[in-house]
Amino acid sequence: MNTSTTDTLQRLAEVLEQRKQASAESSYVASLHAKGLNKILEKVGEECTETLLAAKDCQHGGDTQELIYETADLWFHSLVMLSHLGLGPDDVLKELERRFDLSGLAEKAARVTK
């Protein structure tokens, strides 16, 4: 991942942390936090569905910009979820980096079944 990408994620994480403390009337992020984890998860699920539908449309000649827009919404709401739980993009990036030298099949087989 290039520096610009990680800088963008870090800047967004910082803004999300600042907005946690804002008034729910003046900040969308603060309003999500005020409504709690279930509302945040609802938004993640909604954005996930919209991303999937945009990808299907894109596959059949649809607008790639719509897919990018919906993916940005999904990432954003996923970062709000992580923030709500005291985590951030660095936690996810570290996990992705850990997987670089692993075969995807080997990594999946090594997971502990819950």
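Residues numbered from 1 in each chain as written. Predicted model: local features only at pLDDT ≥ 70, side-chain atom pairs only at ≥ 80, totals over all residues. Heavy atoms only, no water.

Q: Help me get a handle on the overall build of the protein chain, residues and values and all.
A: Helix and strand counts for the protein chain come out as six helices and zero strands. Referenced to the eigenvectors of the C-alpha coordinate spread, the extents of the protein chain come out at roughly 45 × 35 × 35 Å. By residue count, 25% of the 114 residues in the protein chain fall in the buried class. Counting contacts in the protein chain only where the partners sit at least 6 residues apart, residues at least 24 apart contribute 55% of the total. If you sum the accessible surface of the protein chain, you get close to 8100 Å²; carbon and sulfur atoms cover 56% of it. Computed over 13 positive and 19 negative side-chain charges, the separation of the two mean positions in the protein chain equals 6 Å. (Helix = DSSP H or I, 4+ residues; strand = E, 2+ residues; numbered from the N terminus. Buried < 20%, exposed > 50% of the residue type's maximum accessible area, 1.4 Å probe, protein only. Contact = heavy atoms within 4.5 Å. Areas by Shrake-Rupley, 256 points an atom, 1.4 Å probe, with all protein chains shown as cover. Lys, Arg positive; Asp, Glu negative; His and termini not counted. Charge placed at Lys NZ, Arg CZ, Asp CG, Glu CD.)

Q: Break down the state of the cysteines for me, citing the residues and quoting the values.
A: Taken as a whole and assessed by the stated rule, the structure comprises zero disulfides. In this structure C48 is not part of a disulfide, and its nearest cysteine sulfur, from C58, lies 16 Å away. Exposure remark for C48: the relative accessible area of 32% places this residue in the partly exposed category. (Disulfide = S-S within 2.5 Å.)

Q: Summarise the nonpolar core; cite the residues concerned and give the values.
A: Within the largest apolar cluster, nine residues are counted, these being L9, L16, V29, L32, I40, L79, V80, L82 and L93. For this core, the secondary structure elements donating two or more residues are helix 1 (3-20), helix 2 (28-35) and helix 4 (64-84). At three residues, the largest contribution of residues to this core is made by helix 4. Filtering out sequence-adjacent residues up to four positions away, V29 remains in contact with L16, R19, F76 and V80. (Core = buried A, V, L, I, M, F, W, Y, C linked by side-chain atoms within 4.5 Å.)

Q: Lay out the pattern of salt bridges in plain terms, naming residues and giving numbers.
A: Pairing is possible between side chains of opposite charge, provided their charged atoms come close. All told, the structure shown has six salt bridges when counted by the stated rule. Between K43 and E46 there is a salt bridge; the shortest N-O distance is 3.0 Å. Remark: E46 and K43 occur in helix 3 (residues 37-59); sequence separation between them is three residues, near one turn of the helix. The class of E46 is partly exposed, set by a relative accessible area of 33%. For the salt bridge of E47 with K43, the shortest nitrogen-to-oxygen distance reads 3.7 Å. Of the two residues, E47 and K43 both sit in helix 3, four residues apart, roughly one turn of that helix. Linked by salt bridges that have partners in common, K43, E46 and E47 make up one network. (Salt bridge = Lys/Arg side-chain N within 4 Å of Asp/Glu carboxyl O.)

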